[in-house]
Amino acid sequence: MVGAVALQVLPWGAMKPVLLLASCVVLLLGACRWQSPRYPVAPVELSGATLRDNALLGLAPEGVATLFTAALKDSGRFEQKGADAPREERPWRMTLDVPFTREVLKDGDPRSFAEVGANLVLERFGGSLPQRYELVGLGEAPVEEDSPAGRQMAMRTALANVLRQVTESAVMQLTALDRSDEALVLDLKATDSRVREFSLRTLAERQHPAAAPLLIDRLKEATDAETVRRTMGSLVEMKARVAVPVLIDLARGRDLGFVQEIVFAVGEIGGPEAEAYLYTMAQGHDAPAVQAAAQQALDTLYASRKHSPAEARGPGRAD
């Protein structure tokens, strides 16, 4: 008979391992779904002026909010909660900003590309401490048709890509918050750079000692001011005194405004080396503004030390 398929019926003894394996797979898949938490989120809020009267996108802000809400739903990891949600659920508030939409050229490619940037802020209140995390994404898509309609289609595709990207980043950030310190330390070696980033951020927030050396390496290698400031902020939160010499070196040859930022960061971290540096800057720096900043940071450091009896005395200062 043409097209007939011969079926082989296995004896029960041969089928048992197959059925057992299939059962294990089903159980594992079920367990994975059960172990993936769903995060409560409030309705999405939009900020910034880019989405108003944006001819490149041709979408009202409400349309962008609808697309992002759909991306959150498609991830399967978020639950929308209204304003009347029980307080114990502590939903995350999401604020989305689209800082730019643009068309760019790339070396070696005759096409232009639509690019859309997105900043997503996650905030949660009501616990022992407020929580706030900022996620950044960049979506792109080639302009396949050289026409207004083709450009708009590419821009909307880039928008969809960046919304999906920040949604994935939000899942990774919130997942990192649920992981133990030991698991996060292992995640620092993950192949995905985003997993490494969110693990490092969470360990720094918990002031885990494994975070300080990595943050110092980043501080030495960073080329943009925003990365430097974020890294400095993490080291200040950790009170990482091992970072003080690196911060002092970083101040050399910088503009006065940035030197003042470093002065205050060193003062917040504290310790004998920080105190000696602030004293030297307050007494001998050429710029009066830096002298004043150093003296202010030094006074704050002395005041905080008086409230911390266990703090060791710094150089040249007797309490």
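Thresholds applied
- Every chain's residues receive numbers from 1 upward, in the order its sequence appears when written.
- Totals for whole chains, interfaces and linings use every residue, but because this is a predicted model, local features are given only for residues with pLDDT of at least 70 and side-chain atom pairs only at 80 or more, for both listing and counting.
- With hydrogens and water stripped out, all remaining heavy atoms of the structure feed into the side-chain values.
- Think of a nonpolar core as a cluster: buried Ala, Val, Leu, Ile, Met, Phe, Trp, Tyr and Cys residues, connected wherever their side-chain atoms sit within 4.5 Å.
- Working definition: with a 1.4 Å probe on protein chains only, accessible area under 20% of the residue-type maximum means buried, over 50% means exposed, and in between means partly exposed.
- A domain assignment, automatic or from a database, supplies the domain bounds used here.
- Only heavy atoms matter for contacts: two residues are in contact if any of them lie within 4.5 Å across the pair.
- For Phe, Tyr and Trp, rings pair up if their centres lie within 6.5 Å, where Trp contributes its six-membered ring, and each pair is then called stacked (planes under 30 degrees apart), edge-to-face (over 60) or tilted (otherwise).
- Only DSSP runs of H or I reaching four residues or more are called helices, and only runs of E reaching two or more are called strands; each is numbered from the N terminus.
- The predictor attaches a confidence to each residue, and that confidence, scored 0 to 100, is pLDDT.
- Fitted lines through C-alpha atoms give the axes, limited to the stretch in contact for helices. The angle between two N-to-C directions lies from 0 to 180 degrees.
- Every angle not falling under 35 degrees, over 145, or within 65 to 115 is termed oblique; those three ranges are roughly parallel, roughly antiparallel and roughly perpendicular.
- Working rule for handedness: look at the near helix, and if it is turned counterclockwise from the far one by less than a right angle, call the crossing left-handed; if clockwise, right-handed.
- Here the term charged refers only to Asp, Glu, Lys and Arg, the term nonpolar to Ala, Val, Leu, Ile, Met, Phe, Trp, Tyr, Cys and Pro, and the term polar to all other amino acids, Gly among them.

What to know about the nonpolar core
Counting 79 residues, the largest nonpolar core has Phe 68, Phe 78, Met 94, Leu 120, Leu 122 and Val 263 as its most contacted members. Of the residues that make up this core, three or more belong to each of domain 1 (38–178) and domain 2 (209–307). Aside from chain neighbours lying at most four places away, what touches Met 94 is Val 41, Pro 43, Val 44, Glu 45, Phe 68, Leu 72, Phe 78, Leu 120, Val 121, Leu 122 and Ala 170.

A few points about the packing of aromatic side chains
Per the counting criterion, the structure on display carries 2 aromatic pairs. Measuring from ring centre to ring centre gives 6.1 Å for Trp 92 and Tyr 133, while their planes differ by 50 degrees; the resulting arrangement is tilted. Taken as a pair, Trp 92 in the loop between strand E3 (78–80) and strand E4 (93–97) and Tyr 133 in strand E7 (residues 131–142) lie far apart in primary sequence, 41 residues in all. Judged by relative accessible area, Trp 92 falls into the buried class, the value being 2%. Residue class for Tyr 133 comes out buried when judged on its relative accessible area of 3%.

Considerations on the confidence of the model for the chain
For the chain, per-residue confidence averages 85 on the pLDDT scale, and 83% of positions sit at 70 or higher. Low pLDDT, under 50, characterises residues 1–10; the stretch is placed with 1 contact to residues that sit more than four places away or in other chains. Long-range and interchain partners of residues 309–319, a stretch whose pLDDT sits below 50, account for 17 contacts in this model, where long-range means more than four residues apart.

Regarding the packing of helix H7 (residues 225–238) against helix H9 (residues 256–269)
Viewed as axis vectors pointing N to C, H7 and H9 meet at an angle of 20 degrees, and their least axial separation amounts to 9 Å. The angle between the axes of H7 and H9 places the two elements in the roughly parallel class. Read as a crossing pair, H7 and H9 show a hand that is left-handed. Listed contacts from H9 to Val 228, Arg 229, Met 232, Leu 235 and Val 236 of H7 are Phe 258, Glu 261, Ile 262, Ala 265, Glu 268 and Ile 269. By residue class, the composition of the contact of H7 with H9 is 8 nonpolar, no polar and 3 charged.

Observations concerning the environment of Lys 189
Mapped onto the secondary structure, Lys 189 falls in the loop between helix H4 (181–187) and helix H5 (193–205). With a relative accessible area of 74%, Lys 189 lands in the exposed category. For the pair Lys 189 and Ser 199, spaced 10 residues apart in sequence, the C-alpha to C-alpha distance is 9.7 Å.

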